[in-house]
Amino acid sequence: MQAERATTTPAVADPPIDLTAASRPGPGGGCWAVIAAGGTIGHVGPGVATAQALVARGCPSESIHFVGSERGIEATRVPGAGFAVTLLPGRGIKRHLSLHNVGANAGAVVGLGRAELQAINLLRRLRPAVVLATGGYASVPCALAAAALRIPLVLAEQNAVPGAANRLTSRFAAAAATSFPGTALRRAEVTGNPVRPEVLAVDAAADRTSARALLGIDPDRFLVVTFGGSLGARRLNEAALGARSLWRDRDDRSLRQVVGDRDWPLFEARLAPDADERLQFTPVRFEQVMPLTLAAADLLVCRAGASTVAELCAVGVPSVLVPLPGAPGDHQTANARVLVDAGTAVLVADAELDGARLVAEVEALASDPVRLAAMRVAAASLARRDAADRVADLLEVHATRPRPGPGPSGGGDPGGDPGGDPGGDLGGDLGGGAR
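All values derive from a computational prediction rather than experimental measurement. (Residues numbered from 1 in each chain as written. Predicted model: local features only at pLDDT ≥ 70, side-chain atom pairs only at ≥ 80, totals over all residues. Heavy atoms only, no water.)

(A) Fine view of empty space enclosed by the protein. Under the counting rule described, the total for this entry stands at one cavity of 30 Å³ or more. Estimated volume of the largest cavity: approximately 40 Å³. Lining the largest cavity are Ala156, Glu157, Gln158, Ala177, Thr178, Ser179, Thr191, Gly192, Asn193, Pro194 and Val391. Listed by contribution, the elements that provide at least two residues to the lining of the largest cavity are β6 (153–157) and β7 (175–178). By residue class, the composition of the lining of the largest cavity is four nonpolar, six polar and one charged. (1 Å grid on protein atoms, 1.4 Å probe; cavity = no way out; pocket = protein on both sides within 12 Å on 5 of 7 lines; lining within 4 Å. Points joined across faces, edges and corners; volume = space filled by probe spheres on them. Helix = DSSP H or I, 4+ residues; strand = E, 2+ residues; numbered from the N terminus. Nonpolar A, V, L, I, M, F, W, Y, C, P; charged D, E, K, R; others polar.)

Rendered as structure tokens:
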């Protein structure tokens, strides 16, 4: 299945927008849900997990259509999961004020305008019963198009502090699925953050031995995994190499360093094997088998992105969390605080992390198996393993027509007002957001 790149249609060529036609089924009623998800795995992953939950209920995969960005990972991830995707132009707004960013932001606004016209045309053609927007710049054109065409809009917010995209579009949403209690969005319902099925399938206690065998990890060593996301995190990589040096004579420690694609060229020369090293050290450019790694790990040292913390909790893995500094709204610190307050994680500020601090935090936990066991239990207690199903429930409740396929389905009254007024006028202040 190939990703579809939308073509730009000049505004003068567009016919008048019918604000009700988009909510009626198209020929054959082919598309039931559009999922606007793109940019990063943190936005794409929950969208794909929700789509998979709908398919598990009997919804045909052909009735679910993704919309993303030409610049995101969705071009390969979504077709790889078996769903069609349309890629729109555009990129995110640079928040740091500089002369270069002023020009870049001007281009981003132009791209957003083009993407908006294409999103409206796409939704008019597909006529979905509901739109799910998972946040991030790639979701904005489709979310605003849904509001303009009065198609019910459901948001999914992964972080404890809502992002700018969801704050912008929340006034038009029929509901907002949130991962944490107290997230400041209108019509919020706590569902949890959808996690991919292969992670939910992990049973850490039962799978630990086989996972270690598959990864080549000594079963008797304490395994620490450092992970900075798909691109990498330089601070975490530097700290991991510092820990490697301090642990080089330890035959009871194993360190799996997930370096990341962006950082690999910077660190590759320092990752070479050392014949005299007693530490079991495994550098990985990109983690292709994260479910196995989660099953095998005793402790993760990682960022506190929403998908990461959701997967830690789903498997029940203790962690040392190092929030990304400068994240919008400091949302990673807010995510981390939830886990710290529950007793499943330790928080270390990015500026305070180096090899010595990493070793100190790990040794404190490794030497206290009772505390480590309690952290595992606490992590599992935070998991919302049915998150994808709960988001799917919201889609069914607010859709203008029942989901295709067998089994019960919600859905609004197809003969009534398809979108209702979810609290905002598209012609009003788009910056209203949550209040």
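Additional details are given in the paragraphs that follow.
(B) Fine view of the packing of aromatic side chains. Evaluated as defined, the whole model comprises one aromatic pair. Where Phe66 meets Phe83, the ring centres are 5.6 Å apart and the plane angle is 50°; that geometry is what we call tilted. Of this pair, Phe66 sits in strand β3 (residues 64–69) while Phe83 sits in the loop between α2 (74–80) and β4 (84–88); the two residues are 17 residues apart in sequence, bridging distant segments of the chain. For Phe66, a relative accessible area of 0% translates into the label buried. Overall, the relative accessible area of 3% leaves Phe83 in the buried class. (Phe/Tyr/Trp six-rings, centres within 6.5 Å; stacked < 30°, edge-to-face > 60°. Buried < 20%, exposed > 50% of the residue type's maximum accessible area, 1.4 Å probe, protein only.)

(C) Inspection of the pattern of salt bridges at higher detail. Overall, the coordinates contain 24 salt bridges when judged by the stated rule. Measuring nitrogen to oxygen at the nearest pair gives 3.1 Å for the salt bridge that ties Asp350 to Arg235. Of this pair, Asp350 sits in the loop between β14 (345–347) and α13 (355–366) while Arg235 sits in helix α8 (residues 234–246), placing them 115 residues apart in sequence. The salt bridge partner of Asp274 is Arg248, with a shortest N-O separation of 2.5 Å. Remark: Arg248 occurs in the loop between α8 and β10 (253–258) and Asp274 occurs in the loop between α9 (264–267) and β11 (280–284); sequence separation between them is 26 residues. Residue classification places Asp274 among the partly exposed residues on the basis of a relative accessible area of 30%. Through salt bridges with shared partners, one network takes in Arg57, Asp389, Asp393, Glu396 and Arg403. (Salt bridge = Lys/Arg side-chain N within 4 Å of Asp/Glu carboxyl O.)

(D) Quick look at the environment of Asp274. Sequence separation between Asp274 and Arg248 is 26 residues; the distance between their C-alpha atoms is 9.0 Å. When neighbours within four sequence positions are excluded, Asp274 is seen to be in contact with Arg244 and Arg248. Polar side-chain contacts of Asp274 include one of 2.9 Å to the backbone nitrogen of Asp276. (Contact = heavy atoms within 4.5 Å. Polar contact = N/O pair within 3.5 Å; in protein donor to acceptor, adjacent residues only side chain to side chain.)

(E) Representation of the packing of α8 against α13 in the model. α13 packs onto α8 with a crossing angle of 70° between their chain directions and a minimal axis gap of 7 Å. When the axes of α8 and α13 are compared, the pair comes out roughly perpendicular. The element α8 and its partner α13 pack so that their crossing is right-handed. Each of Ala239, Ala240, Gly242, Ala243 and Leu246 in α8 lies in contact with α13, whose residues at this interface are Gly355, Ala356, Leu358 and Val359. Residue classes in the contact of α8 with α13 are distributed as seven nonpolar, two polar and no charged. (Axes fitted to C-alpha atoms, helices over the stretch in contact; angles between N-to-C directions. Parallel < 35°, antiparallel > 145°, perpendicular 65-115°, else oblique. Left-handed = near helix turned anticlockwise from the far one by under 90°.)

(F) Just the layout of surface pockets, in detail. What the second largest pocket holds in volume is close to 290 Å³. In terms of lining, the second largest pocket is formed by 19 residues, of which the most central are Ser179, Phe180, Leu382, Ala383 and Arg384. For the lining of the second largest pocket, the elements supplying multiple residues, two or more each, are α11 (306–315) and α12 (331–342). Looking at which element gives the most residues to the lining of the second largest pocket, the answer is α11, with five residues. When grouped by side-chain class, the residues that make up the lining of the second largest pocket number 13 nonpolar, four polar and two charged.

(G) Up close: the pairing of strand β2 (residues 33–36). Covered by surrounding structure in β2 are Ala33 and Ile35 together with Val34 and Ala36, the residues of both alternating faces. Of the pairings in the sheet, the one linking β2 to β3 comprises four bridges and is parallel in character. Bridge assignment links Val34 to a residue of β3, and that residue is His65. The parallel pair β2 and β3, bridged by helix α1 (residues 41–56), forms a crossover whose chirality is right-handed. The sheet contact formed by β2 and strand β5 (residues 130–133) spans four bridges and is parallel. Its bridge partner being in β5, Val34 is matched across the sheet by Val131. (Pairing = 2+ DSSP bridges. Right-handed = clockwise from strand over helix to strand, strands pointing away.)

(H) Broad picture of unusual backbone geometry. Backbone geometry places Arg127, a non-glycine residue, at a positive phi of 50°. Relative to the helices and strands, Arg127 is located in the loop between α3 (99–126) and β5. What makes Arg127 partly exposed here is its relative accessible area of 26%. A positive phi angle is found at Asp330, which is not glycine, with a value near 50°. Within the fold, Asp330 resides in the loop between β13 (319–321) and α12.

(I) Geometry of the nonpolar core. One finds Leu294, Leu300, Leu312, Val315 and Leu321 to be the most contacted residues of the largest nonpolar core, which totals 32 residues. Only α7 (204–215), β9 (222–227), α10 (290–296), β12 (299–302), α11 and α12 provide two or more residues apiece to this core. Per-element tally for this core: the top contributor is α11, with six residues. Apart from the residues within four sequence positions on either side, Leu312 is in contact with Leu294, Leu300, Cys302, Val317, Ser319, Leu321 and Ala379. Judged by nonpolar contacts, the second largest core, of 30 residues, contains Ala51, Leu54, Ala156 and Ala175. (Core = buried A, V, L, I, M, F, W, Y, C linked by side-chain atoms within 4.5 Å.)

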